[in-house]
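Take a look at the letters that make up each chain.
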Amino acid sequence: MIYWKVFEFEGVVYDLTHLHPRRITFTQEAKDNKPERLYEVDVIFSLHCFTRGKKAGENPNKDLLYKDSRESRIFDFRRYELSKKLPEIVGELLFRKCHHSGKGNFFVVEILTEAGERLNYEIYFEASKSSKRGIINLFVQSAYVRDEEHRANMPRKKTIAFAVILFNILNDRPIKIPK
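Cut-offs used in this document
Residues numbered from 1 in each chain as written. Predicted model: local features only at pLDDT ≥ 70, side-chain atom pairs only at ≥ 80, totals over all residues. Heavy atoms only, no water. Core = buried A, V, L, I, M, F, W, Y, C linked by side-chain atoms within 4.5 Å. Buried < 20%, exposed > 50% of the residue type's maximum accessible area, 1.4 Å probe, protein only. Helix = DSSP H or I, 4+ residues; strand = E, 2+ residues; numbered from the N terminus. Contact = heavy atoms within 4.5 Å. Salt bridge = Lys/Arg side-chain N within 4 Å of Asp/Glu carboxyl O. Polar contact = N/O pair within 3.5 Å; in protein donor to acceptor, adjacent residues only side chain to side chain. Pairing = 2+ DSSP bridges. pLDDT = per-residue confidence, 0-100. Phe/Tyr/Trp six-rings, centres within 6.5 Å; stacked < 30°, edge-to-face > 60°.

A. Examining the nonpolar core more closely. Judged by nonpolar contacts, the single largest core of 46 residues is most densely connected at Phe 50, Leu 138, Phe 162 and Ile 165. By residue number, the principal contributor to this core is helix H3 (residues 162-170), which donates 6 residues. The contacts of Phe 162, once residues within four sequence positions are left out, are Phe 26, Leu 93, Leu 94, Cys 98, Phe 125 and Leu 138.

This is the structure we're talking about:
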């Protein structure tokens, strides 16, 4: 499990406990002849939710670097502020449109208002069956605003219900990408 340590820059402490691992129980309501289903999901957030990669030719302040066991990235204050909304957004995935990325993971686009600005906040995640019986792992790989820097790699929006993702993962069924 990944428990993020606080980040400190210029005497300001940035708490990351909102991105600590958690278990969420999702309840899919009974519908027609289908019974209610409960899904136990262990959620883990990546450091890509609050950091960014180095831009070409950039020589970042070393005090802005945040490291985990695999990589070192630049602490991104905007991503950090938006990351505070991630636990709530993830907790509401049953009620949101999810999309296939075409690369084996999924994403959800959340329109947020930040200082009166409408933003496309994209949250990429991967779901897998846990080694713990009846548990699904949800790894939030990245979350960022779709801006000019990220314009070129926008995946097509092929919608899939989060409940379908959970059901198929738990029951070892493939998740088909619509053509």
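B. Structural view of the pattern of salt bridges. Per the stated rule, a full pass over the model turns up 9 salt bridges. Among the ionic pairs, Glu 58 bridges to Arg 52, the shortest N-O distance being 2.7 Å. Looking at Glu 58, the relative accessible area reads 21%, which means it is partly exposed. Classification of Arg 52 by relative accessible area gives buried; the value is 17%. Lys 62 is paired through a salt bridge with Asp 63; the nearest N and O atoms lie 3.6 Å apart.

C. Layout of the side chain of Ser 83. Here Ser 83 is to be found in helix H1 (residues 77-83). At 2.6 Å, the side chain of Ser 83 and the backbone oxygen of Tyr 80 are in polar contact. What Ser 83 contacts, discounting residues up to four positions off in sequence, is His 18, Leu 19, Cys 49, Phe 50 and Tyr 121.

D. The arrangement of the sheet that holds strand E7 (residues 72-75) in detail. Taking strand neighbours across the sheet as the criterion, the 3 strands line up as E5-E7-E6 in an open arrangement whose pairing is antiparallel. At either end of the open sheet lies a strand with only one pairing partner, and these are strand E5 (51-52) and strand E6 (65-67).

E. The confidence of the model for the protein chain, seen in detail. Looking at the protein chain, the pLDDT average stands at 90 and 92% of residues meet or exceed 70. The weakest mean pLDDT in the protein chain belongs to strand E9 (residues 106-114) at 75; the strongest belongs to strand E2 (residues 12-14) at 98.

F. Local environment of H3. With 7 of 9 residues buried, H3 lies mostly within the body of the structure. Three or more residues of H3 are buried, namely Phe 162, Ala 163, Ile 165, Leu 166, Phe 167, Asn 168 and Ile 169. Phi turns positive, to about 55°, at Asp 172, one or two residues after H3.

G. The packing of aromatic side chains, seen in detail. Per the stated rule, a full pass over the model turns up 18 aromatic pairs. Pairing Trp 4 with Phe 50 gives two aromatic rings, centres 5.4 Å apart and planes at 75°, and the pair type is edge-to-face. Of this pair, Trp 4 sits in the segment before strand E1 (7-9) while Phe 50 sits in the loop between strand E4 (37-45) and E5, and the two are 46 residues apart along the sequence. The class of Trp 4 is buried, set by a relative accessible area of 7%. A relative accessible area of 0% means that Phe 50 is categorised as buried. Note on Phe 7 and Tyr 66: the rings are 6.1 Å apart at their centroids and 50° apart in plane angle, and the pair reads as tilted. Taken together, the positions of Phe 7 in strand E1 and Tyr 66 in strand E6 put the pair 59 residues apart, joining distant regions of the chain. This pair shows no difference in class: Phe 7 is buried, exactly as Tyr 66 is. An aromatic cluster of at least three residues, connected via ring pairs, comprises Trp 4, Phe 7, Phe 9, Tyr 14, Phe 50, Tyr 66, Phe 75, Phe 77 and Tyr 80.

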